[in-house]
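Reading the structure
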Amino acid sequence: MRKLSIALLTLLLAYGISLAQPTAPTLRIVTEDPNLPSELFYGDIKVKPLRLRPGTNTPITINDHDFFVQQQYIDFLDRQPEAGGFAAWKKVLDDCQNAFAHHSEVQFAQCDRIAVSASFFLSDEFRAKGYFVYRYYRATLDRLPKYAEIKPDMRAVTGLTGDERIAKQNAFADAWVTRSEFAQKYPASLGTADLVNQLEATSKVTLANKAQFLIDNAGKTQAQIVRAFVESHEVTARFYNEAFVAMQYFGYLRRDPDADGFAAWLRVLDANPADARVMIWGFIYSTEYTKNRF
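What comes next concerns the included structure. (Residues numbered from 1 in each chain as written. Predicted model: local features only at pLDDT ≥ 70, side-chain atom pairs only at ≥ 80, totals over all residues. Heavy atoms only, no water.)

With that out of the way, let us pick up the overall build of the protein. When its secondary structure is counted, the protein shows 16 helices and three strands. Per-residue burial for the protein yields a buried fraction of 41% across its 294 residues. The contacts of the protein with a sequence gap of at least 6 include a subset with a gap of at least 24, amounting to 61%. Counting every atom, the protein has about 16000 Å² of accessible surface; 58% of that belongs to carbon and sulfur. (Helix = DSSP H or I, 4+ residues; strand = E, 2+ residues; numbered from the N terminus. Buried < 20%, exposed > 50% of the residue type's maximum accessible area, 1.4 Å probe, protein only. Contact = heavy atoms within 4.5 Å. Areas by Shrake-Rupley, 256 points an atom, 1.4 Å probe, with all protein chains shown as cover.)

The next point concerns the pattern of salt bridges. Counting across every chain of the model gives 24 salt bridges. The salt bridge involving Glu242 is made with Arg238; its shortest N-O contact spans 4.0 Å. Here the salt bridges share partners, and the residues they tie into one network are Arg138, Asp142, Lys204, Arg238 and Glu242. (Salt bridge = Lys/Arg side-chain N within 4 Å of Asp/Glu carboxyl O.)

Attention now goes to the state of the cysteines. Taken as a whole, this structure holds one disulfide when the rule is applied. Between the sulfur atoms of Cys96 and its disulfide partner Cys111 the distance amounts to 2.0 Å. Residues Cys96 and Cys111 are joined by a disulfide whose S-S torsion is about 55 degrees; by sign, that bridge is right-handed. Of the two residues, Cys96 sits in the loop between helix H3 (83-95) and helix H4 (113-122) while Cys111 sits in the loop between H3 and H4, which places them 15 residues apart along the sequence. Overall, Cys96 belongs to the buried group, its relative accessible area being 10%. Accessibility expressed as a relative area gives 18% for Cys111, which makes it buried. (Disulfide = S-S within 2.5 Å.)

Overall, the coordinates contain 22 aromatic pairs when judged by the stated rule. Ring geometry for Tyr249 against Phe283: centres 5.0 Å apart, planes inclined by 80 degrees, an arrangement best described as edge-to-face. Placement of the pair is Tyr249 in helix H13 (residues 240-253) and Phe283 in helix H15 (residues 277-284), with a sequence separation of 34 residues. Note on accessibility: Tyr249 and Phe283 belong to one class, buried. Members of the aromatic cluster, connected to one another through ring pairs, are Phe67, Phe76, Tyr249, Tyr252, Trp265, Phe283, Tyr289 and Phe294. Taking NZ or CZ as reference, Arg113 lies 4.1 Å from the ring centre of Phe68, over its face. The ring of Tyr131 is capped by Arg135, whose NZ or CZ atom sits 4.6 Å from the centre of that ring. (Phe/Tyr/Trp six-rings, centres within 6.5 Å; stacked < 30°, edge-to-face > 60°. Lys NZ or Arg CZ within 6 Å of the ring centre and 35° of its normal.)

Laid out in structure tokens, this is it:
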């Protein structure tokens, strides 16, 4: 019997099977940005905090206007709200006849939660952060960024002033062409014309005035040429709708899009490009957002 036990133990160890008692999960605090709220996990399970109004036992939920507005800043602009903007957006919801508009897609289109949330994606600040970064992935690598990629990249181009934001965008553009995935696809030895040809092929975008583009960018660095291409009207228009859909997953759900869901919502938006309300409604009233996340 003893020999059999030793033989069994030897076999278990050979296959990497441990007989040690399993350890209990530990609490982990995950901080993506020290300026934004952290997440608490028990092992791999997210712990939803109980938020209370100061000095009361009244819980704070995503249904509260102030908390909802704050989350739009955090999720789409990657920063805490400034006092004036926060008060203005909260007032929009406070004054709305029905800020929730669960069953209305038209009646409260100017003031409900759908309209407020959409305004963050449509803002110049988001275009200079989220959409700026998104186009680099799609136009030069022909793929969607992952949640774990786009969030730190958005923070990298976030500045308190216009000048700071421009400086950070310039630094991002210079660093982008040194990333291994980009460098393997576009050797530094490529001339301007060859680089632009390859960018067009990758992005499936054709510049309307390519000859003038080549003249304007002759003698510029690889980073400057890539940035000019990424910021061209053609690229900006080509990826706008899909960036809108992708950011619903990155912002509201804080995860990568699932392929089927992404394709379905993109079809909805492509069919109604001037009306994103149905899509936004689907996300902010989803169980994953209202129940699972908060």
